[in-house]
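Observations on the three-dimensional arrangement
The primary structure of each chain is shown beneath.
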Amino acid sequence: VKASSSLSFNTKQHNLPIPSPAWDCCHPVEPLNYHQKKLNNEKSNACSSKDDARVSNFSSGQKNQILLQITWDFEKGDDYNSDNVSYYDIDWLHKFRYDKMSLKERRNRTEITPAHAIKSIPEKANDANLVVNIRPKDTEINSNESTNVSPVQKPRRIDFSSIFPSSSEDRSNLNDGAFDVLQGVFEDGAAIIYNAPRNLVVNDTMVDTVSELAKVFSGGSLSHGALYGDLFTVQSTPDSHNIAYSSLPLPPHQDLAYYQSMPGLQLLHCVEFGDDIVGGESTLVDCMAAAHELRRISPDHFRTLVTTPATFVKQRDSACYTYLRPHIVLQEGLDMNNMNREIVAVNWSPPFEGPLCVPQESVESYYAAYYAFERMLDNHSSVVDGMDDSKLSSSQLFTSEKLEEYLKFSREYTWERRSQVGEVLVFNNRRMLHGRRGFTFKEIDEEGQHREQQIRGDRHVR
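Note that the structure is predicted; figures quoted are calculated from it, not measured. (Residues numbered from 1 in each chain as written. Predicted model: local features only at pLDDT ≥ 70, side-chain atom pairs only at ≥ 80, totals over all residues. Heavy atoms only, no water.)

Moving on to the overall build of the protein chain. In terms of helices and strands, the protein chain carries 11 helices and 25 strands. For the protein chain, the exposed surface amounts to about 25100 Å²; the carbon and sulfur share of it is 49%. (Helix = DSSP H or I, 4+ residues; strand = E, 2+ residues; numbered from the N terminus. Areas by Shrake-Rupley, 256 points an atom, 1.4 Å probe, with all protein chains shown as cover.)

This is the structure:
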């Protein structure tokens, strides 16, 4: 196949005879002859020139769009029609150039940094004044540079009624709220749906609301239900073999890290939370942003967590899963020793980690790096495990300055909040670590003494 190298400019506005290339689609080409076949070979006078490439201003029905029009000249004997015309959006071509600045801009549009992370909620804040985070502009190139940004509520809150119409309407016609939820998860890692009922009536059948929501966001089906089922209730139970079903603190983690492919979206629906329950707050931490910050603070620890495989396990009756993967994964590239490549994944799940499978000389450096990253991700870890950070900082493991930088991230970027009945927390399990504070239930018995019980009810779906 050959095409001429000549290029001419035509500023006259045209009406495209075919659907315009999408504004930000990864497939910006629509061959004219292919579209003609779809229209049952209806005759079109779209282009009369051959062996030509030109830049023209087209009207796509939304606004003027500059496209590159190419007419392909095929060799005789080819099976293609000689009138093959393709259109390329100039802005799309410009965005995906191969020069260093373009690659830097492209990375900036996708890489998660602390500038994109959900921050801690200030004390005495309530739902009416949670506008405490800022979202950087899409055009921001260097996250360390100051930019003009406007405050926004993160995670954003979406009313359930904006996703599902009232019960009297056809729920196959969903409102724009579903897009708002997905946009919030895409940009911030999480979103909250409020005013969600416990159950819905769909086709005269009572169903769980959280399952119906999950089907909306997943395109109609659920996944990863082999071990726990698609829908499961998280509550404290006696003699539990899983820390999630106890009243103990649940450290920040990802679910099913021992799978080759972890779940993406997860939904946590609060259906019961008694006023007398003490504790039990939900937590979120952006582990992708934390990894970005660890690279800045401690490059050596960062390299260790990139190059050392951790062991993730799940062992119980009728189930035995083991998967080895590093805690931090970088974009593949020509130079795999380059630690400045884009961070594309983080794997972290302390409750489900097993013995290391690494050479002896790698063990000490791994645990030093692990401890540093843990202090960034879990602001209660030193309290729960009983370790004295001040003694560790006086040893050769960390300097006090380094330790303070680790702890600063966990203080500033641990989102902690008591869930309200009717709220559904939707989050990206591959980006956001979720956890829970320990809890008890207090009531006064007949003798006037406080009696503690353990109760909490959430419905969790993957």
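For the rest of this paragraph, the subject is the sheet that holds strand 15 (residues 282–286). Spatial ordering of the open sheet is given by 12-22-15-20, a layout of four strands whose pairing is antiparallel. Strand pairing shows two members of the sheet lacking a second neighbour, strand 12 (250–253) and strand 20 (414–417), which therefore form its edges. With direction set aside, neighbouring strand axes in the sheet form an average angle of 15 degrees. Inspection of the sheet shows strand 15 paired to strand 22 (residues 432–436) by five bridges, in the antiparallel sense. Among the inter-strand pairings, D286 is bridged to a residue of strand 22, identified as M432. (Pairing = 2+ DSSP bridges. Axes fitted to C-alpha atoms, helices over the stretch in contact; angles between N-to-C directions.)

Let us look at the nonpolar core. Membership of the largest hydrophobic core comes to 44 residues, with the highest contact counts inside it found for L294, F302, I328, I343, F373, L377 and Y406. Of all elements in the fold, only helix 6 (287–297), helix 7 (299–307), strand 16 (309–316), strand 18 (328–330), strand 19 (343–346), helix 8 (363–377) and helix 11 (400–413) reach the threshold of two or more residues within this core. At eight residues, the largest contribution of residues to this core is made by helix 8. Within the second largest apolar cluster, 19 residues are counted, among which are F164, A191, L213 and A214. (Core = buried A, V, L, I, M, F, W, Y, C linked by side-chain atoms within 4.5 Å. Buried < 20%, exposed > 50% of the residue type's maximum accessible area, 1.4 Å probe, protein only.)

Because an α-helix packs 3.6 residues into every turn, residues spaced three or four apart end up facing the same way. Of all the residues in helix 7, the buried ones are H301, F302, T304, L305 and V306. Looking at the buried residues of helix 7, the elements they touch are helix 6, strand 17 (319–326), strand 18, strand 19, helix 8 and helix 11. (Contact = heavy atoms within 4.5 Å.)

Here we come to the side chain of Q254. One can find Q254 in the loop between strand 12 and strand 13 (265–272). Exposure remark for Q254: the relative accessible area of 0% places this residue in the buried category. In this structure the side chain of Q254 is engaged in a polar contact, spanning 2.8 Å, whose partner is the backbone oxygen of V346. Polar side-chain contacts of Q254 include one of 3.3 Å to the backbone oxygen of R430. Dropping the residues within four chain positions of it, Q254 is found in contact with M262, C287, V346, N347, W348, S349, N429, R430, R431 and L433. (Polar contact = N/O pair within 3.5 Å; in protein donor to acceptor, adjacent residues only side chain to side chain.)

A separate point is the packing of aromatic side chains. Throughout the structure, instances matching the rule amount to 10 aromatic pairs. The interplanar angle of 65 degrees and the centroid separation of 5.8 Å between the aromatic rings of Y258 and F352 together place this pair among those described as edge-to-face. One end of the pair, Y258, is in the loop between strand 12 and strand 13; the other, F352, is in the loop between strand 19 and helix 8, and 94 residues separate them in sequence. Assessed through its relative accessible area of 3%, Y258 is described here as buried. Feature note: the residues W348, Y366, Y367, Y370 and F373 constitute an aromatic cluster, connected by ring pairs. It is R109 that lies over the ring of F96; its NZ or CZ is 5.8 Å from the centre. (Phe/Tyr/Trp six-rings, centres within 6.5 Å; stacked < 30°, edge-to-face > 60°. Lys NZ or Arg CZ within 6 Å of the ring centre and 35° of its normal.)

The next subject is unusual backbone geometry. For N195, which is not glycine, the phi dihedral falls at a positive 65 degrees. Its place among the elements puts N195 in the loop between strand 8 (190–194) and strand 9 (199–202). Positioned with a positive phi, L256 is a non-glycine residue whose angle comes to about 55 degrees. Mapped onto the secondary structure, L256 falls in the loop between strand 12 and strand 13. Owing to a relative accessible area of 3%, L256 belongs among the buried residues under this scheme.

Attention shifts here to helix 5 (residues 209–218). Burial of helix 5 is extensive: seven of the 10 residues sit out of reach of the surface. When helix 5 is considered as a whole, its buried residues turn out to be T209, V210, S211, E212, L213, A214 and F217. Following helix 5 by one or two positions, G219 has its phi on the positive side, about 90 degrees.

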